[in-house]
Amino acid sequence: MKLRLTLLFCLLVCLPGILIAADTPTIKIETENISLIYRVGDNGRLYQHYLGRKLTYESDLNHLPQGTEAYLTHGMEDYFEPAIQILHNDGNPSLLLKYVTHSSSSLEGGVNETIITLQDDKYPVTIKLHYISYDKEDIIKTFTEISHREKKPVILSRYASSMLHLNRAKYFLTEFAGDWAHEANITEQELDFGKKVVDTKLGARANMFVSPFFQLAVDRKAEENSGEVLVGNIGWTGNFQFTFEVDNKNELRIISGINPYASEYQLPANETFRTPDFYFTYSFEGRGQASRNFHDWARRYQLKDGDKTRMTLLNNWEATYFDFNEDKLIGLMDEAVKLGVDMFLLDDGWFANKYPRSGDHQGLGDWDETKDKLPNGVGRLVEEAKKKGIKFGIWIEPEMVNPKSELYEKHKDWVIHLPNRDEYYFRNQMVLDLSNPAVQDHVFGVVDKLMTNYPDIAFFKWDCNSPITNIYSPYLKNKQSHLYIKHVRGLYNVLERVKAKYPNLPMMLCAGGGGRSDYEALKYFTEFWPSDNTDPIERLFIQWGFSQIFPSKTLCAHVTTWNRSASIKFRTDVAMMGKLGFDIKLEDMNGDEQQFCRQAVGHYNQLKPAILEGDLYRLVSPYGSNHTSSMFVDKDKKSAVVFAFDIYPRYGEKLLPVRLQGLDRYKKYRVKEINMMPGSGSSLQGNDQLFSGEYLMTVGLNMFTTQRLHSRVIEIVAQ
Ligand code: DGJ
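Calculation notes
- Residues numbered from 1 in each chain as written.
- Predicted model: local features only at pLDDT ≥ 70, side-chain atom pairs only at ≥ 80, totals over all residues.
- Heavy atoms only, no water.
- Pairing = 2+ DSSP bridges.
- Helix = DSSP H or I, 4+ residues; strand = E, 2+ residues; numbered from the N terminus.
- Core = buried A, V, L, I, M, F, W, Y, C linked by side-chain atoms within 4.5 Å.
- Buried < 20%, exposed > 50% of the residue type's maximum accessible area, 1.4 Å probe, protein only.
- Near = heavy atom within 4 Å.
- Polar contact = N/O pair within 3.5 Å; in protein donor to acceptor, adjacent residues only side chain to side chain.
- Areas by Shrake-Rupley, 256 points an atom, 1.4 Å probe, with all protein chains shown as cover.
- Nonpolar A, V, L, I, M, F, W, Y, C, P; charged D, E, K, R; others polar.
- Expected span 1.5 Å × (residues − 1).
- Axes fitted to C-alpha atoms, helices over the stretch in contact; angles between N-to-C directions.
- Domains from an automatic or database assignment.
- Contact = heavy atoms within 4.5 Å.
- Buried area = accessible area lost by both parts, 1.4 Å probe.
- Salt bridge = Lys/Arg side-chain N within 4 Å of Asp/Glu carboxyl O.
- 1 Å grid on protein atoms, 1.4 Å probe; cavity = no way out; pocket = protein on both sides within 12 Å on 5 of 7 lines; lining within 4 Å.
- Points joined across faces, edges and corners; volume = space filled by probe spheres on them.

1. Focus on the sheet that holds strand β3 (residues 46–53)
Think of a sheet as strands paired side by side through backbone hydrogen bonds, with each pair either parallel or antiparallel. Spatial strand order, β1-β2-β3-β4: 4 strands in an open sheet with antiparallel pairing. Of all strands in the sheet, those with a lone pairing partner are β1 (26–30) and β4 (68–69), marking the two edges. Relative to strand β2 (residues 34–40), β1 runs antiparallel, the two being bridged by 5 bridges. Of the residues in β2, the one forming a bridge with Lys28 is Ile37.

This is the structure in structure tokens:
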């Protein structure tokens with residue numbers, strides 16, 4: 001009896017708590033190592049309680065402080081940057097979001113989706129926050145859906161993909177900015193009170209000055225192998241914006257999405273505005289682990305043909321520029337065969353007749369072969385390549401037009417330009433208006449016609465050299481503020497069509513170098529061209545920058561004649577850390593150099609499992625150092641390859657051994673320098689000897705020298 005009374009008493013005391021708990025659900029978005037926790041407050045609004053290292057004990061979650069409202073709106077009580085801003089039909093500019101429901105489901109092994117639905121309590125506006133978590137890779141992908149049932153369209157003037165909150169002592173932001181031939185520079189700064197905005201307004205070739213990703217370290221500066229770093233990426237091949245704002249309480253909010261600049265969006269009832277994806281990881285072991293998380297995730301879930309290997313190639317761009325004919329190209333194909341690469345890639349300059357593409361000033365838009373250069377068309381080149389046992393790839397820039405072209409003469413209405421102002425040309429060209437479905441058909445048609453005429457084309461290099469200037473769409477008429485967004489969506493429509501019709505066609509993304517480098521585009525492209533700058537020293541920095549986010553199989557790296565003071569070996573060793581190609585004539589090299597390159601292609605093919613599919617460990621940064629080194633370890637830790645470069649060593653510099661990473665400490669490995677110039681031996685200490693993984697990772701290898709522009713490739717094979 002006494003027991004029953006006690007139970008009844010407990011039930012009465014506990015009941016309100018249970019009810020409150022049920023009314024205020026806790027929503028956990030988790031991966032193997034990360035927890036992002038939301039809870040509904042007593043006021044019915046959604047709060048981000050936690051983001052960081054995984055919390056495993058359910059009971060602890062009740063101890064978490066409330067945190068900040070998850071997806072902050074304009075017009076209510078918050079004093080800082082909102083995630084969303086809406087103007088209702090009655091002129092009211094506010095939004096108050098209350099939790100309605102949430103659902104969680106398993107998509108496939110280790111991938112889960114959580115959807116949280118919020119609704120305004122006075123207006124029929126619904127916001128759905130989506131979170132897709134990739135357990136093993138520690139990546140969370142988020143996007144937002146905005147819809148309403150008001151009578152007339154609402155005006156969206158902000159529409160973030162994601163808003164994240166951090167509450168730490170200090171914040172250090174790393175951004176990746178630069179310019180043409182100077183992409184993805186790494187700079188780090190501490191964030192104090194106020195806002196730091198990283199964005200682009202270029203419309204197309206949108207990443208020419210800044211890449212769409214960042215690293216945000218908390219408490220102390222980001223390091224390669226230690227410290228907490230949140231790494232974010234926006235999947236939008238157009239204007240993006242990241243806002244980092246530290247408020248009066250030293251709390252940081254990170255708002256990521258499309259740049260709302262000049263892009264107010266009129267959203268009709270029952271249409272859903274779906275933001276781009278924002279992907280992030282949170283590493284507790286520095287930038288290195290964050291990179292490996294992204295590389296694994298991209299290869300498994302995001303990249304076109306993420307699980308497939310990549311082709312080596314010879315590109316004719318720097319070997320010929322616009323000055324070529326059929327014979328010259330066939331001669332270069334023979335050189336490709338001698339080098340042992342998989343493919344010959346024909347670059348710019350093969351098309352247009354009324355205004356032949358003899359330079360970058362004309363012809364863009366007219367995609368028929370130039371008769372006097374290629375009297376037998378592309379077909380003859382494809383056939384020749386086939387006869388020689390290599391694949392054939394071709395360059396296009398289908399989203400653009402030179403004013404000196406037949407396309408422009410016929411379809412000025414397809415071109416983005418202000419009707420009553422002088423035209424402005426970037427690289428003598430203009431951007432076609434992809435918001436217009438007829439233009440989308442044209443762009444798709446460029447690929448489709450080539451593939452229909454020459455089904456053996458095995459690869460496209462898709463370039464995009466101009467940003468959008470003098471912005472006005474003849475097609476969108478009174479909805480000009482939709483252009484930046486509709487243009488990018490139009491591009492995706494085209495790329496979807498290409499992918500659907502030619503699912504096995506690999507394509508390189510290029511935008512005058514690394515002017516396009518986002519993970520949404522890479523759903524359609526197997527790789528991208530990080531920079532026109534192929535000076536190997538500059539490439540060490542540029543590739544170091546992009547490797548923070550992208551796996552090496554996406555980073556096209558070609559051996560060229562840039563910086564002849566670096567040996568062909570140095571240039572090739574740098575390129576072997578990415579997706580190897582050549583953009584050089586054999587006559588630019590002596591016999592030994594040609595032989596070296598042939599052997600290097602062979603070594604590269606052998607090392608592909610580690611370089612393209614393995615784990616990257618960046619050992620010594622080129623930033624602030626005279627040397628740099630990176631290594632790739634294959635997934636079963638049976639083999640690895642280390643690249644070591646001496647850039648400008650100092651006289652009498654003290655050199656320390658470099659500790660390797662990622663090996664199995666219990667395995668024995670043979671260490672062997674490979675990829676040497678014909679006839680030269682190795683001076684590597686311990687060359688061709690056995691070491692334990694433990695030794696290599698604890699004591700390390702003396703790989704660096706005091707020789708200027710010296711490089712080494714070292715193979716590490718488990719016995
Ligand atoms: C810019 C690219 O980055 C180069 O590789 C080359 O394809 C040229 N365009 C061709 O015009």
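2. A few points about the nonpolar core
Core analysis: the biggest nonpolar cluster contains 191 residues, and Leu216, Trp350, Phe392 and Trp462 have the highest contact counts within it. Looking at this core, the element that brings in the most residues is helix α11 (residues 591–613), giving 9 residues. In terms of nonpolar packing, the next biggest core, distinct from the first, is built from 22 residues, Tyr617, Val642, Phe691 and Leu701 among them.

3. Examining the site of the ligand
In the neighbourhood of the ligand, 13 residues make up the surrounding shell, with Asp347, Asp348, Lys461, Asp463 and Asp532 lying closest. Contacts to the ligand include Asp348, whose side-chain N or O atom sits 2.6 Å from an oxygen atom. In the environment of the ligand, an oxygen atom lies 3.1 Å from a nitrogen or oxygen atom belonging to the backbone of Gly513. Relative to its unbound accessible surface of 290 Å², the ligand loses 98% to contact with the protein. Of the residues that constitute the shell around the ligand, the class distribution is 4 nonpolar, 3 polar and 6 charged.

4. Let's talk about helix α2 (residues 286–302)
Given a rise of 1.5 Å per residue, 17 residues ought to cover 24 Å, and the 23 Å separating the end C-alpha atoms of α2 matches this to within 8%. Most of α2 sits out of view: 13 of its 17 residues are buried.

5. Points about the sheet that holds strand β5 (residues 84–87)
On the basis of which strands lie adjacent, the open sheet formed by 3 strands has the order β5-β10-β19 and antiparallel pairing. In this open sheet, the two edge strands, each paired with only one partner strand, are β5 and β19 (265–267). Within the sheet, the average angular offset between the axes of one strand and its neighbour, ignoring direction, is 30°.

6. A closer look at the domain arrangement of the protein chain
In terms of domain boundaries, the protein chain breaks down into domain 1 (12–302), domain 2 (313–613) and domain 3 (617–718). When each unit is reduced to the centre of its C-alpha atoms, the spacing between domain 2 and domain 3 is 34 Å. At the interface, 29 residues of domain 2 touch 30 residues of domain 3. Buried area between domain 2 and domain 3, both sides added, is near 2600 Å², and the carbon and sulfur share of it is 71%. Of all residues in domain 2, Phe541, Trp544 and Phe570 give up the largest surface area on contact with domain 3, accounting jointly for 25% of the area buried on that side. Joining domain 2 to domain 3, the criterion identifies 0 salt bridges. Inspection of the domain 2/domain 3 interface yields 7 residue pairs in polar contact (both at pLDDT 80 or more). Those elements that provide at least two residues to the side of domain 2 that touches domain 3 are α9 (536–546), α10 (568–575) and α11.

7. Some details on empty space enclosed by the protein
On inspection of all chains with the given rule, the structure shows 7 cavities of 30 Å³ or more. One number sums up the size of the largest cavity: a volume of about 160 Å³. As for the largest cavity, its lining consists of 17 residues, of which Gln543, Trp544, Ser547, Met577 and Ser630 are closest to the centre. Mapped onto the lining of the largest cavity, the elements with two or more residues apiece are α9, β32 (615–620) and β33 (627–633). There are two domains that each give the lining of the largest cavity at least three residues, and those are domain 2 (313–613) and domain 3 (617–718).

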